[in-house]
Amino acid sequence: MLRFTAAVCLAGLTLAPLALAEVHEVKMLNRGADGAMVYEPDHLHIAPGDSVRFVPTHASHNAASLPALWPKGAEPFKSKLNQAAEQRFSEPGLYGIQCIPHLGMGMVMLIEVGDADLGAVPWPTDLPARAAARLQAQREKLEAGR
Ligand SMILES: [Cu+2]
């Protein structure tokens, strides 16, 4: 009887995958389709409660909150170099992610959690030029994907 109950529960879980939070994988690369020092993909639109798993496909990268582009009240984070890290995003908003060693080379990405009002997000003005240009391009891709 117990075994039967367990089997029914498992069947129920597999029938309702949409109710479960997703984990989105992002590679950290020395070179990708869009150039040197990139996250791939470099922009994500995810649901509140979803997680992002940062994978050190190449060496010497990490993922950390970009303080200039981080929702008020959301918990900042910083992963260790060369280690996979999983970060859960529960607060809706627009999140900037940086690789600390390569911010100057433009290694950043954008994560939109829920439906952010992109026009109302204070946009950072003091970032290295390559990072600012890539963030702008990522924002345009998020807007175009709606
Ligand atoms: Cu890096």
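In this text the structure is predicted, and so the values were computed from the model without any measurement.

Draft legend 1. Inspection of the coordination of the copper ion at higher detail. The copper ion binds to the protein through H61 (ND1), C99 (SG), H102 (ND1) and M107 (SD), with metal-donor distances spanning 2.0 to 2.6 Å. Relative to the metal, the 4 donor atoms surrounding the copper ion lie at angles of 91 to 132°, and the coordination shape comes out tetrahedral. Summarised as a motif, the one-chain spacing of the donors to the copper ion is H-x37-C-x2-H-x4-M. Under the relative-accessibility criterion, H102 is labelled buried at 9%.

Draft legend 2. Looking closely at the pairing of strand 1 (residues 23–32). Here 5 bridges tie strand 1 to strand 4 (residues 51–55), and the two strands are oriented parallel to one another. In the sheet register, H24 faces strand 4, and the bridge partner there is V52. Here strand 1 runs beside strand 2 (residues 35–40); their pairing, made up of 5 bridges, is antiparallel. In the strand pairing of strand 2, R31 is matched with A36. With antiparallel pairing between neighbouring strands as the criterion, strand 1 and strand 2 make up a hairpin whose turn holds 2 residues.

Draft legend 3. Quick peek at the pattern of salt bridges. Counted by the stated rule, this structure contains 4 salt bridges. Residues R139 and E143 are paired through a salt bridge, measuring 3.5 Å at the closest nitrogen-oxygen approach. Pair noted here: R139 and E143 are both in helix 2 (residues 129–144), with a separation of 4 residues, about one helical turn. One connected set of salt bridges, linked through shared partners, spans D34, D42 and K141.

Draft legend 4. A look at the sheet that holds strand 6 (residues 85–88). With mixed pairing, the 4 strands of this open sheet are ordered in space as 2-1-4-6. Edge positions in the open sheet fall to strand 2 and strand 6, since each of these has one partner strand only. Recorded for the sheet is a direction-independent mean angle of 20° between the axes of neighbouring strands. Sheet topology places strand 4 next to strand 6; 4 bridges connect them, and they run antiparallel. From the neighbouring strand, V52 faces strand 6, where its bridge partner is Q87.

Draft legend 5. Just helix 2, in detail. Relative to the 22 Å expected for 16 residues at 1.5 Å per residue, helix 2 spans 23 Å between its end C-alpha atoms, a close match to the ideal helical length. Inspection of helix 2 places A131, R134, L135, Q138, R139 and L142 among the buried residues, and these make up the whole buried set. Down the axis of helix 2, the buried side of the element spans an arc of 140°, and every buried residue falls inside it. Turned more than 90 degrees away from the buried face of helix 2 sit A129 and A144, all of them exposed. Buried positions along helix 2 lie against strand 2, strand 3 (43–46), strand 7 (93–98) and strand 8 (108–113).

Each value, and the rule that gives it
Residues numbered from 1 in each chain as written. Predicted model: local features only at pLDDT ≥ 70, side-chain atom pairs only at ≥ 80, totals over all residues. Heavy atoms only, no water. Donors = N, O, S within 2.8 Å, 3.2 Å for Na, K, Ca; no water. Tetrahedral: all angles 85-135°; square planar, octahedral: opposite > 155°, others 65-115°. Buried < 20%, exposed > 50% of the residue type's maximum accessible area, 1.4 Å probe, protein only. Pairing = 2+ DSSP bridges. Helix = DSSP H or I, 4+ residues; strand = E, 2+ residues; numbered from the N terminus. Salt bridge = Lys/Arg side-chain N within 4 Å of Asp/Glu carboxyl O. Axes fitted to C-alpha atoms, helices over the stretch in contact; angles between N-to-C directions. Expected span 1.5 Å × (residues − 1). Arc of directions from axis to C-beta. Contact = heavy atoms within 4.5 Å.

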